[in-house]
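The primary structure of each chain is shown beneath.
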Amino acid sequence: MNFKVRIAEREDCKDISRLMMELAVFEKMPEQVKITHTELERDGFSPNPFYECLVAELPEENKTKEGHTIVGYALYFYTYTWQGRSVYMEDLYVMPEFRGKGLGKELMSKVAQVGKEKQCVRLQLSVLDWNTPSLDFYVAKGAKDHTASEGLHLIRFDGQAFDNLAKEAPRD
């Protein structure tokens, strides 16, 4: 299949937002999507971006029946641990009709390459426990599932709990 993986541009944010909603529907969480292309533009294309993104793009002559040329994306950011720099891939998504053609592998490989160029020691991501096709895909590429071996739990403060925690911060 003829496609290219490239760094996302501000003009891609509407397509990224569309794909993000498709991913949320696939993951059975569409009601959790709270951002639009406006926040994606602000947060990814400011002087201090919160995330970076790659897109998989088809040539115009191969666009989807809906007229889309952007058919996949990988959204990632950087974290830090006692082992050093890490790149965290928050989202990897390819439209269903384009899966199995190498787009997901190329997006993920490019995220890894970018991470290596920034001296990251690892690529991390999360997978829903029922999403065995994705888990199998990552494991087939060499990823290790550390859920059981490290005894990790995903912990999140959001909503009122996040607000309350922030209010407990010492005053400057």
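Residues numbered from 1 in each chain as written. Predicted model: local features only at pLDDT ≥ 70, side-chain atom pairs only at ≥ 80, totals over all residues. Heavy atoms only, no water.

Considering the sheet that holds strand β5 (residues 122-124)
We apply this condition: Two strands are counted as paired when DSSP detects at least two bridges linking them. A helix here means a DSSP run of H or I that spans at least four residues, while a strand means a run of E at least two residues long, and both kinds are numbered starting from the N terminus. In this analysis an axis means a line fitted to C-alpha atoms, helices contributing only their contacting stretch, and an angle means the value between N-to-C directions, from 0 to 180 degrees. By the convention used here, residues are in contact when the closest approach between their heavy atoms is within 4.5 Å.
Taken in spatial order, the five strands line up as β1-β2-β3-β4-β5 in an open sheet, and their pairing is mixed. Looking along the sheet, the strands with just one partner apiece sit at the ends: β1 (4-7) and β5. Averaged over neighbouring strand pairs, the angle between their axes works out to 30° when direction is ignored. Packing of helix α3 (residues 103-117) onto the sheet brings it into contact with β1, β2 (52-57), β3 (70-81), β4 (84-94) and β5, and relative to β4 it is tilted by some 160°.

Some words on the pairing of β4
Threshold: Per-residue accessibility, obtained with a 1.4 Å probe over protein chains only, is compared with the maximum for each type, and a residue is labelled buried under 20%, exposed over 50%, and partly exposed between these values. Call a crossover right-handed when, viewed with both strands pointing away from you, the route from the first strand across the helix to the second goes clockwise.
Taking burial as the measure, the 11 residues of β4 include nine buried ones, the bulk of the element. Sheet analysis places β3 next to β4, joined by 10 bridges and oriented antiparallel. Pairing of G72 across the sheet is with V94, part of β4. Linking β3 back to β4 in an antiparallel pair, the connection comprises two residues. Pairing of β4 with β5, which is carried by three bridges, proceeds in the parallel orientation. The partner of Y88 across the bridge, within β5, is Q124. For the segment spanning β4, α3 and β5, crossover handedness is right-handed.

Observations regarding the side chain of T64
Assignment of secondary structure puts T64 in the loop between β2 and β3. The buried category is assigned to T64, whose relative accessible area is 8%.

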